[in-house]
Amino acid sequence: MNTVLSRANSLFAFSLSVMAALTFGCFITTAFKDRRVPVNIHVAKVMLKNVDDFTGPRERSDLGFITFDLSVDLQPIFDWNVKQLFLYLSAEYTTKSNTLNQVVLWDKIILRGESTVLNMRDMKSKYFFFDDGNGLRANKNITLTLSWNVVPNAGILPLVAGNGHVSLPFPDAYETTRSY
């Protein structure tokens, strides 16, 4: 005869199997969904300074400042398997010393239930836009792209780039700072 412990073990094993099947079903129903949406990025102002770089001896590096407008509707991304989105705006460019430079300028976390329509105006970069030399001055092809990581309840964490980016030139001359 089966004891109470062996019956409890069987019930526990069966319920774990059912939960694993439901979790896999949750994953597979949204695994192949296209999570790209149109993104509108507009750069309002670009400024460039040459500042001291404290990582090397008496080196100076480029520091860029960008003011941008961002509008996107993320509602089509959210379904019953999405817990949150991690959005980030990145800049990509090439220099003589590096074929690929990527810098994250701004980020935001959007949880389920929050407003999914972003219509931001005159946003400044959240993080410094440093180059490891003087590769920003007169660089004519710096591309800004909004991307996001989808954090699901079950399944993989896809990295998605939005449909839409903007390429912008940086100025040929540095801004001079005034001392007050």
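Residues numbered from 1 in each chain as written. Predicted model: local features only at pLDDT ≥ 70, side-chain atom pairs only at ≥ 80, totals over all residues. Heavy atoms only, no water.

Draft legend 1. Looking closely at the sheet that holds strand β3 (residues 82-93). One open sheet holds the 4 strands; their spatial order is β4-β3-β7-β8, and the pairing between them is antiparallel. The open sheet has two edge strands with one neighbour each: β4 (101-111) and β8 (159-168). Going across the sheet, the axis of each strand differs from the next one's by a mean of 20°, ignoring polarity. Examined bridge by bridge, β3 and strand β7 (residues 142-152) share 10 bridges and lie antiparallel to one another. Within the sheet, the bridge partner assigned to Glu92 lies in β7 and is Thr143. (Pairing = 2+ DSSP bridges. Helix = DSSP H or I, 4+ residues; strand = E, 2+ residues; numbered from the N terminus. Axes fitted to C-alpha atoms, helices over the stretch in contact; angles between N-to-C directions.)

Draft legend 2. Summary view of the pattern of salt bridges. Applying the stated criterion across every chain, the model contains 6 salt bridges. In this structure, Asp52 engages Arg60 in a salt bridge whose closest nitrogen and oxygen atoms are separated by 2.6 Å. Given a relative accessible area of 42%, Asp52 falls into the partly exposed group. Members of the salt-bridge network, linked through shared partners, are Lys33, Arg35 and Asp79. (Salt bridge = Lys/Arg side-chain N within 4 Å of Asp/Glu carboxyl O. Buried < 20%, exposed > 50% of the residue type's maximum accessible area, 1.4 Å probe, protein only.)

Draft legend 3. Quick look at the environment of Asn149. With respect to the helices and strands, the residue Asn149 is situated in strand β7. Looking at Asn149, the relative accessible area reads 23%, which means it is partly exposed. Ignoring anything within four residues of it in the chain, the contact list for Asn149 reads Gln84, Leu85, Phe86, Tyr88, Pro158 and Leu159. (Contact = heavy atoms within 4.5 Å.)

Draft legend 4. Broad picture of the domain arrangement of the protein. Domain boundaries in the protein define domain 1 (1-32) and domain 2 (33-168). The straight-line distance from the C-alpha centre of domain 1 to that of domain 2 is 42 Å. Contacts between the two partners involve 8 residues from domain 1, matched on the other side by 9 residues from domain 2. Interface area lost by domain 1 to domain 2 is led by Cys26, Phe27 and Thr30, which between them contribute 72%. (Domains from an automatic or database assignment. Buried area = accessible area lost by both parts, 1.4 Å probe.)

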